[in-house]
Amino acid sequence: MRTIQVYNTLTRKKEVFKPIEDGKVGIYVCGVTPYNDPHIGNARPFVTWDTIRRFFAKCGYEVHYIQNFTDVDDKIIRVSHEQGKTWKEVADHNIDVYFQSMDALNVRRADVYPRVSDTIPEIIEMVQGLVDKGYAYVVDGDVFYSVEKFKGYGKLSGRSLDDMMAGARVEVDERKQNPMDFAVWKSAKPGEPFWESPWGNGRPGWHIECSAMSLKYLGRTFDFHGGGSDLIFPHHENEIAQSQAFCGSEDCFAHYWVHNGFITIHEEKMSKSLGNFFTVADILKKYPGEVLRFFILQTHYRSPLDFSDERLKDAQAGLMRLENARRNAEELSAKDGAADTAKALAEAALSAKESFYTAMADDFNTALAVSYLFAVAKDINVYYNEVVNQGTAFDKENFGKAKDAFYDMAEIIGIFEAKAEEKSDEDAEIDALVEERLAARKEKNWARADEIRDLLKARGIVLKDTAEGTRWERA
Ligand SMILES: [Zn+2]
């Protein structure tokens, strides 16, 4: 199999990926807390991981991808009180909204979407295990993890306990043995959801949830753990401390930690108070989902990603160039022809595809990879022009090879997936008119055909009659 290099946050270097089980890859990505609409910062890890898993699958791996929903959380409880709904209603609604947003971004579904509320027995078992082994202690129905007991605490974020305490605004809690100790179980407060436990009624702490869910679905050892770089500390640091203490081995839990970079808006941090906070739905009002996806992937996942209308427009223009090549490729491949005119095109496309895979295998460098997609698109357009406008005889076999390479790359990037049923009502109406005009022409009803052409023209639609049929574009 192809050698794939990955930057591992844990070791702070690029490493050759060695799967735990040959030919298989297990991935756990921290999912959303479903209390509001997903914002564009949420979109980045999911688009990134969707692309990484597509790449692994293309390289022949069997991918097992788990992404949770943190459906028991302070924020959900707060929103449920504000809206007069149950925590479950709030979570269910926002999970639906999450899926709508991700569908628009062509993010394929995970194999399992565990919810915290479905994992309570496993979480309690883990907390009990930590108490039994002396890594956690119980105070008045709360259970705290003792960071001093775990030798490797700080290994992911590269910070010592002293550094952490100097840098953190730690609330004084007399019940904690060390200020950095964190809750793995919280006693029930009035008006909050709770479950019975050996320590009384309560609910899990955030970090233990992901430890328990990844253990349940991927086992004690798995390949990748991913998420935004804001999760490195404390969330992922604490997950490691809990999981490795529970399993009793430093080798257990994720082998590779992969974190995507921050998002900024016009080079400022995105925040509600700055008034530059955008949800995925906000962006989708102005741009198709594929544009947002393509925009995200044009930057390497570890680099900061800066949003601006201008940069989204650039991404849209780039995607339109690729889309145009796709249309040309579709049109050409409907033709027959046994000439030998596309040999160089096929060779160039296969070589571009190899370069694309090499870029992806170097820490998932989508930014470089898409440049090869553009190169093939350009070649396809040149060949299209030669065949359609300059009379070059068509070479179906070699052109097919170039087209396959082009589509293979596009599939990893996750574009060209806008489905017919997702067409807007207006697009469907235009399609119908174009069809009707075609039928009128076949019946030699030129008056009706011209009438439809004028009708479409008035709506800003330009028709292009080609040998293979009629295409339409917005002027
Ligand atoms: Zn998590």
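Residues numbered from 1 in each chain as written. Predicted model: local features only at pLDDT ≥ 70, side-chain atom pairs only at ≥ 80, totals over all residues. Heavy atoms only, no water.

The chain carries the name Cysteine--tRNA ligase in an unreviewed UniProt entry, which gives Schwartzia succinivorans DSM 10502 as its organism. According to its UniProt record, the chain has this under Sequence similarities (unreviewed entry): "Belongs to the class-I aminoacyl-tRNA synthetase family." Under the UniProt heading Subcellular location (unreviewed entry), the note attached to the chain is "Cytoplasm". (UniProt positions renumbered as here; feature names shortened; annotations may be inferred.)

**Q** Looking at this model, I keep getting lost on the sheet that holds strand S12 (residues 268-269). Mind explaining?
**A** Paired through backbone hydrogen bonds, the strands of a sheet run either parallel or antiparallel to each other. Taken in spatial order, the 3 strands make up an open sheet running S12-S11-S13, and their pairing is mixed. Edge positions in the sheet fall to S12 and strand S13 (305-307), since each has one partner strand and no second. Taken together, the 2 bridges between strand S11 (residues 263-265) and S12 define a ladder with antiparallel strand orientation. From the neighbouring strand, threonine 264 faces S12, where its bridge partner is lysine 269. Helix-sheet contacts for helix H1 (residues 40-58) involve S11 and S13, and the interaxial angle to S11 is about 140°. (Pairing = 2+ DSSP bridges. Helix = DSSP H or I, 4+ residues; strand = E, 2+ residues; numbered from the N terminus. Contact = heavy atoms within 4.5 Å. Axes fitted to C-alpha atoms, helices over the stretch in contact; angles between N-to-C directions.)

**Q** In this structure, what is going on with the pattern of salt bridges? I would like to understand it.
**A** Opposite charge on two side chains permits pairing when their charged atoms draw close. Under the counting rule described, the total for this entry stands at 31 salt bridges. The salt bridge involving lysine 186 is made with aspartate 74; its shortest N-O contact spans 3.8 Å. Of this pair, lysine 186 sits in strand S7 (residues 182-187) while aspartate 74 sits in helix H2 (residues 74-83), placing them 112 residues apart in sequence. Given a relative accessible area of 23%, lysine 186 falls into the partly exposed group. A relative accessible area of 41% places aspartate 74 in the partly exposed class. Residue arginine 109 pairs with aspartate 103 through a salt bridge whose shortest N-O separation is 2.9 Å. Given a relative accessible area of 36%, aspartate 103 falls into the partly exposed group. What emerges from the salt-bridge pattern is a single network uniting Asp50, Arg54, Arg293 and Glu417. (Salt bridge = Lys/Arg side-chain N within 4 Å of Asp/Glu carboxyl O. Buried < 20%, exposed > 50% of the residue type's maximum accessible area, 1.4 Å probe, protein only.)

**Q** Just checking my understanding: could you explain the coordination of the zinc ion for this structure?
**A** Any two of four tetrahedral donors ideally make an angle of 109.5 degrees at the metal, while pairs among six octahedral donors ideally make 90 or 180 degrees. Every protein donor of the zinc ion is accounted for by Cys30 (SG), Cys210 (SG) and His235 (NE2), and the metal-donor separations fall at 2.0 to 2.1 Å. Each donor residue of the zinc ion belongs to the same chain, with the gaps between them written as C-x179-C-x24-H. One end of the pair, cysteine 30, is in the loop between strand S3 (24-29) and H1; the other, histidine 235, is in helix H7 (residues 232-247), and 205 residues separate them in sequence. Taken individually, cysteine 30 and histidine 235 each receive the classification buried, so the pair is uniform in this respect. (Donors = N, O, S within 2.8 Å, 3.2 Å for Na, K, Ca; no water.)

**Q** For this particular structure, what's the right way to read helix H10 (residues 309-333)?
**A** Because the α-helix completes a turn every 3.6 residues, residues three or four places apart line up on one side. Taking 1.5 Å per residue, 25 residues should reach 36 Å; H10 reaches 36 Å between its end C-alpha atoms and fits that length. When we look at burial in H10, the residues that qualify are Leu312, Ala315, Gly318, Leu319, Leu322, Ala325, Asn328, Ala329, Glu331 and Leu332. (Expected span 1.5 Å × (residues − 1).)

**Q** Can you help me understand the domain arrangement of the chain in this one?
**A** Often the size quoted for an interface is simply the accessible area lost on bringing the parts together. Split by domain assignment, the chain resolves into domain 1 (5-133 + 146-169 + 204-260), domain 2 (309-409) and domain 3 (423-474). Here the C-alpha centre of domain 2 lies 37 Å away from the C-alpha centre of domain 1. The interface of domain 1 with domain 2 comprises 10 residues on the first partner and 8 residues on the second. It is Gln5, Phe55 and Lys58 in domain 1 that bury the most area against domain 2; as a group they hold 54% of the surface buried on that side. Here domain 1 is connected to domain 2 by 2 salt bridges. Of the charged contacts, one joins lysine 58 and aspartate 408 as a salt bridge, the two residues approaching to 2.9 Å between their closest N and O atoms. Where domain 1 touches domain 2, the interface holds 5 residue pairs in polar contact (both at pLDDT 80 or more). Listing elements by their share of the side of domain 1 that touches domain 2, those giving two or more residues are strand S1 (5-8) and H1. With 5 residues, H1 is the largest single contributor of residues to the side of domain 1 that touches domain 2. Taken together, the residues of the side of domain 1 that touches domain 2 sort by class into 6 nonpolar, 2 polar and 2 charged. (Domains from an automatic or database assignment. Buried area = accessible area lost by both parts, 1.4 Å probe. Polar contact = N/O pair within 3.5 Å; in protein donor to acceptor, adjacent residues only side chain to side chain. Nonpolar A, V, L, I, M, F, W, Y, C, P; charged D, E, K, R; others polar.)

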